[in-house]
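Spelled out, the chains give:
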2 protein chains.
Amino acid sequence: MKVTEDILEKLKKTLADPKRFLTSEADLYSFSFDASFGMYKPDVVCQPMSSTEVASIVRIANEYLIPLCPRGRGTSLSGGPLPVHGGIVLDFSLWDTKLVIDEENLIATVSPGVITSHINDAANEFGLMYPPDPSSAHVSTIGGNLAENAGGPRGLKYGVTKNYVLGLEIVTADGKIVRTGGQTIKNVTGYDLTKLIVGSEGTLAIITEATLRLIPKPQASLTAMVLFDDIIDAGSAISKVLVSGIMPSKMEIMDQSSIIAVEEYASLGLPVDVEAILLIELDGHPLAIEDEMQRVKSVCMNVGARSVQVAQDKKEEAELWQARKLVSPAIVKLKPTKISEDATIPRSQIPEMFRRLKLIKEKYNIHLVVFGHAGDGNLHPNIITDQRDKEEMRRVEMAVAEIFKAAIDLGGTLSGEHGIGTMKSAFMEMELGVDGLAMMKSIKEAWDPKNILNPGKIFPVKGQRFELRND
Amino acid sequence: MKVTEDILEKLKKTLADPKRFLTSEADLYSFSFDASFGMYKPDVVCQPMSSTEVASIVRIANEYLIPLCPRGRGTSLSGGPLPVHGGIVLDFSLWDTKLVIDEENLIATVSPGVITSHINDAANEFGLMYPPDPSSAHVSTIGGNLAENAGGPRGLKYGVTKNYVLGLEIVTADGKIVRTGGQTIKNVTGYDLTKLIVGSEGTLAIITEATLRLIPKPQASLTAMVLFDDIIDAGSAISKVLVSGIMPSKMEIMDQSSIIAVEEYASLGLPVDVEAILLIELDGHPLAIEDEMQRVKSVCMNVGARSVQVAQDKKEEAELWQARKLVSPAIVKLKPTKISEDATIPRSQIPEMFRRLKLIKEKYNIHLVVFGHAGDGNLHPNIITDQRDKEEMRRVEMAVAEIFKAAIDLGGTLSGEHGIGTMKSAFMEMELGVDGLAMMKSIKEAWDPKNILNPGKIFPVKGQRFELRND
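Remember, predicted model here, so these are calculated numbers, not experimental data. (Residues numbered from 1 in each chain as written. Chains lettered and ligands numbered in written order. Predicted model: local features only at pLDDT ≥ 70, side-chain atom pairs only at ≥ 80, totals over all residues. Heavy atoms only, no water.)

**A closer look at the nonpolar core**
The nonpolar side chains of a soluble globular protein tend to be buried, and buried together.
Working step 1: In terms of nonpolar packing, the biggest core is built from 201 residues, with Leu212, Leu278 and Met353 of chain A together with Leu212, Phe228, Leu278 and Met353 of chain B touching the most fellow members.
Working step 2: Top element by residues in this core is helix α14 (residues 390-409) of chain B. It accounts for 10 residues.
Working step 3: Those residues in contact with methionine 353 of chain B, other than ones at most four positions away along the chain, are Ala343, Ile345, Leu379, Ile403, Ala406, Ala407 and Leu410 of chain B. (Core = buried A, V, L, I, M, F, W, Y, C linked by side-chain atoms within 4.5 Å. Buried < 20%, exposed > 50% of the residue type's maximum accessible area, 1.4 Å probe, protein only. Helix = DSSP H or I, 4+ residues; strand = E, 2+ residues; numbered from the N terminus. Contact = heavy atoms within 4.5 Å.)

Encoded structure:
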């Protein structure tokens, strides 16, 4: 429905401070995109700072059938917060007022606008840790992480956002404030609404508070950089380390294109003639990881690594990780548009996926670099292009579609950690089949019959095809 | 609907072997109870051994509106598999034919009738582990564990069944075979149907196969028995150990009544004058746990433990655990009926919960012993009674209701790991509120509009009150 002056007036009254109600063209423009593709202008931006404010806004949206798009800090790579049908953007970035650590129960309670890394920082002060570590953790909000079920390098050992959510406060599509889950690790009282809502990309309910599980912080960590002349050997090393009884906290891979891009960007002295670098981090008890690192070393050398370099101190450790951290800034120097995918496969298929990615790169003559969280099969094929080059963008579209097909073909999934959003909905049926998708849709319809919660996400519209548009 | 001869004939034809179709009175009787209360005779028992058999049975049940109750080995403590409205019991205990370990991907694929401990045994052969360890693991099936989201002592460090499920094959209420999730740890492609179905007690779909995540098996373990003159100090020790940066693999508590019961039963030489025993197991690298055990020892002594005894070898370790293992057999010697609850609370509330349990015990003059998984707040208050004593049973009912109320009052939950089933549905609204329960119900109605999947479980009927009946 059209957002009339009357409705705007009502919406404005829901907020205690009128400064948190934005309608200027400049404001609407700045909330019209995220870190993915496409630009969609909302009718209004509300910046709620309490559950009752959110509930009041939702009741108005429900009455007048106005789309509601919750948003953290807009770092989504899949279009999560984009107001594709206009309406209200609910900007949660100001609502960072609650971050309480309950040391005795190993719990954090947070409001949706809290920056994710601040949770871990606060936990650290009590000798605790909040493990999920998406690359955006220093800028993204926990609300966005919850909506998208964010992952990160530590996913291999520690799991993803969902594994650390004990309970939620939510606002339903008809404006009720409901609590799901609780404060305990074990809870089998009815259906697990908490884990259903986490990762539902704002389409099932609006998250207004979360109770998060913390764990004791590991005492120490050790990092090794392992060079491989053959990327197939890097794949073998990943499996062999795990089966040897060692669970690294991180296992990151960079392919040759990534290495070259970083080296051209920053001259770190990386060997540009190797096919792959593995960065392996162990954490835990200092005596344990020292011994385990010796075994990692011998496992890697046995499968044909060129060399294993173990950081001797924190400074060296930081230097080794620098290579991985610079991949993203390095590749956007090549061309201005970066399409970051997160197709995820069973780890045994990593070598085969690399082979297929190479074929796709050649077939469509695109600039493709691959890096990512190899330990859990969560690769990030990144295509570097220029969105103003229409012809190349058509080739990129075809290449992306083929990457998705390859991932599913190898027993993997469309998205490991970025979400479906607007970017991948066209491929949902390919992975889930008609029936699986229909089961998801029926939950959406039961909880949000008027389709006001983040419409246009996850579910494809009939005949939808994949398109990278940015206009 | 009445199960007519015609329908029976059709059902029989769905099974490749007619021996897996049971209608004799003796057979129906033996499938009419589980390890909880109540006896409900099914009309027929089908023992499917393939997804297509299950799908054929479900389609018939769907057509004629016949209740379907999936069942593993009947160890449920909450009435999970009971055919409360008659109909078909789907006995999965024969279907244990698939147990495949994919060593490279750290995955097990299993059919629903596989005994849970067999999965861990098979994983162990590859240096891997399947962590969930409900006390019933040696007799219960993975299908039952999945339906109930079974827990166990290792829940504290390793989480529960749900944390190890990557994907499912299910049969829907209208007889479609659908796959959810996949083979990867990271998967954010649409809603998480896998984690919604696990723990839904057979009310949303019938699980016919599961893909489970395995982890590297820890190299070593160490156990300590810690004695406390004051149970409050035991509660402090639990939190203090965790905050000191150590995550034990198990932290089990026994109260004085449990200790006395075990000692009278088996004369292990336990001190019957202490208020609590904590059994603490550490697992991991041998050097790490040796050092950590020293810290556990000093933390416990600092909060007032009488003594800490660390097992010096595997034989001593087994002896220490013997005390905990004998609690259940010991207490049923006192009186024949055992009501095992699993009210779970934030761990900081353990001392207060013990205080309240003591008051409840005195108020209703019942025989109450308390033990359980203290590390995650998952206590097992067990009431020992005789179900033939009607007057005592009324007092027991009131005591159980008060235990639930206490748990919820202290920020906990009705059920940590046993499920709701028939036993706790009367209390659902107390914990979840009208709106939370309605959200669950709407999923049930969307997926199973005819209410044929395990009807009479989880959701209370209007005006339902709690009753321990067994007739």
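Once the structure has been displayed, the description carries forward.
**A short note on the domain arrangement of chain A**
All names here are of chain A.
Working step 1: Under the domain assignment used here, chain A contains domain 1 (1-217) and domain 2 (220-410).
Working step 2: Here the C-alpha centre of domain 2 lies 31 Å away from the C-alpha centre of domain 1.
Working step 3: On the side of domain 2, 17 residues touch domain 1, which itself brings 10 residues to the contact.
Working step 4: If you sort the residues of domain 1 by the area they bury against domain 2, Phe37, Leu156 and Lys157 come out on top, with a joint share of 58%. (Domains from an automatic or database assignment. Buried area = accessible area lost by both parts, 1.4 Å probe.)

**Considerations on the environment of phenylalanine 228 of chain B**
All names here are of chain B.
Working step 1: Note that phenylalanine 228 resides in strand β12 (residues 220-228).
Working step 2: A relative accessible area of 0% means that phenylalanine 228 is categorised as buried.
Working step 3: The spatial distance from the C-alpha of phenylalanine 228 to the C-alpha of leucine 146 is 36 Å, given a sequence separation of 82 residues.
Working step 4: With residues up to four places along the chain from it excluded, the contact list for phenylalanine 228 reads Asp233, Ala234, Ala237, Val274, Glu275, Ala276, Leu278, Cys300, Val303, Gly304, Ala305 and Arg306.

**Re the packing of aromatic side chains**
Where two aromatic rings form a pair, the distance of their centres and the angle of their planes describe that pair.
Working step 1: Per the stated rule, a full pass over the model turns up 14 aromatic pairs over all chains.
Working step 2: Ring geometry for tyrosine 29 of chain A against phenylalanine 33 of chain A: centres 5.3 Å apart, planes inclined by 85°, an arrangement best described as edge-to-face.
Working step 3: Judged by centre distance (4.7 Å) and plane angle (65°), the ring pair of phenylalanine 404 of chain B and phenylalanine 427 of chain B falls under edge-to-face. You can see phenylalanine 404 of chain B sitting in helix α14 and its partner phenylalanine 427 of chain B sitting in the loop between α14 and α15 (428-447), a full 23 residues away along the chain.
Working step 4: Overall, the relative accessible area of 7% leaves phenylalanine 427 of chain B in the buried class.
Working step 5: Here the aromatic residues Phe404, Phe427 and Phe466 of chain A are joined through ring pairs into a cluster of three or more.
Working step 6: Between the NZ or CZ atom of lysine 250 of chain A and the centre of the ring of tryptophan 321 of chain A, over which it lies, the distance is 4.9 Å. (Phe/Tyr/Trp six-rings, centres within 6.5 Å; stacked < 30°, edge-to-face > 60°. Lys NZ or Arg CZ within 6 Å of the ring centre and 35° of its normal.)

**Some points on the side chain of serine 221 of chain A**
Working step 1: By the secondary structure assignment, serine 221 of chain A is in strand β12 (residues 220-228).
Working step 2: One polar contact links serine 221 of chain A to glutamate 317 of chain A, side chain to side chain, over a distance of 3.2 Å. (Polar contact = N/O pair within 3.5 Å; in protein donor to acceptor, adjacent residues only side chain to side chain.)

**Observations concerning the sheet that holds strand β4 (residues 88-91) of chain B**
Within a beta sheet, neighbouring strands are joined by backbone hydrogen bonds and run either parallel or antiparallel to one another.
Residue and element names in this part refer to chain B.
Working step 1: Strands sit in the order β1-β2-β4-β3 across an open sheet of four strands; the sheet is mixed. The open sheet has two free edges, formed respectively by β1 (21-22) and β3 (68-71), since each of these has just one partner strand.
Working step 2: For strand β2 (residues 44-46) and β4, the ladder comprises three bridges, and the chain directions are parallel. Looking at the pairing, valine 44 lines up with isoleucine 88 of β4. (Pairing = 2+ DSSP bridges.)

**Section: the interface of chain B and chain A**
Working step 1: Chain B puts 83 residues into the contact, and the matching count from chain A is 82 residues.
Working step 2: Taken together, the two surfaces of chain B and chain A that pack against each other cover about 6800 Å², and 63% of this comes from carbon and sulfur.
Working step 3: Looking only at chain B, the three residues that lose the most surface to chain A are Lys186, Val188 and Tyr191 of chain B, adding up to 15% of its buried area.
Working step 4: Two residues, lysine 186 of chain A and aspartate 376 of chain B, come together in a salt bridge whose shortest N-O distance is 3.1 Å.
Working step 5: Our count for the chain B to chain A interface comes out at 31 residue pairs in polar contact (both at pLDDT 80 or more).
Working step 6: Those elements that place two or more of their residues in the side of chain B that touches chain A are α6 (155-158), α7 (193-197), β11 (215-216), α8 (231-243), α10 (286-302) and α15 of chain B.
Working step 7: Sort the elements by how many residues they give to the side of chain B that touches chain A and α15 of chain B lands first, with 12 residues.
Working step 8: Residue composition of the side of chain B that touches chain A, by class: 33 nonpolar, 32 polar and 18 charged. (Salt bridge = Lys/Arg side-chain N within 4 Å of Asp/Glu carboxyl O. Nonpolar A, V, L, I, M, F, W, Y, C, P; charged D, E, K, R; others polar.)

**As for the relation of the copies chain B and chain A**
Working step 1: It takes a turn of 180° to lay chain B on chain A, together with a shift of 0.0 Å along the axis; the resulting RMSD is 0.0 Å. Here the symmetry operator amounts to a two-fold rotation axis.
Working step 2: Most of the interface of chain B is mirrored in chain A, where 99% of its interface residues are also at the interface. (Least-squares fit on C-alpha atoms with pLDDT ≥ 70 in both.)

**Considering the sheet that holds strand β5 (residues 99-102) of chain A**
Residue and element names in this part refer to chain A.
Working step 1: With respect to topology, five strands assemble into an open sheet ordered β5-β6-β10-β8-β9, the strand pairing being antiparallel. Strands at the two margins of the open sheet, each flanked by one partner only, are β5 and β9 (177-181). Pairs of neighbouring strands in the sheet enclose a mean axial angle of 15°, with direction left out of account.
Working step 2: On top of the sheet, helix α3 (residues 51-64) reaches β8 (165-171), β9 and β10 (206-213); it is set at about 50° to β8, its chief contact. (Axes fitted to C-alpha atoms, helices over the stretch in contact; angles between N-to-C directions.)

**Examining the packing of helix α8 (residues 231-243) of chain A against helix α10 (residues 286-302) of chain A**
Residues and elements named next belong to chain A.
Working step 1: Closest axis-to-axis distance for the α8/α10 pair is 9 Å, and the angle between their directions is 140°. Seen from above, α8 lies across α10 with right-handed handedness. Residues Ala237, Lys240 and Val241 of α8 touch α10, and the partners they reach there are Val296, Val299 and Cys300. (Left-handed = near helix turned anticlockwise from the far one by under 90°.)

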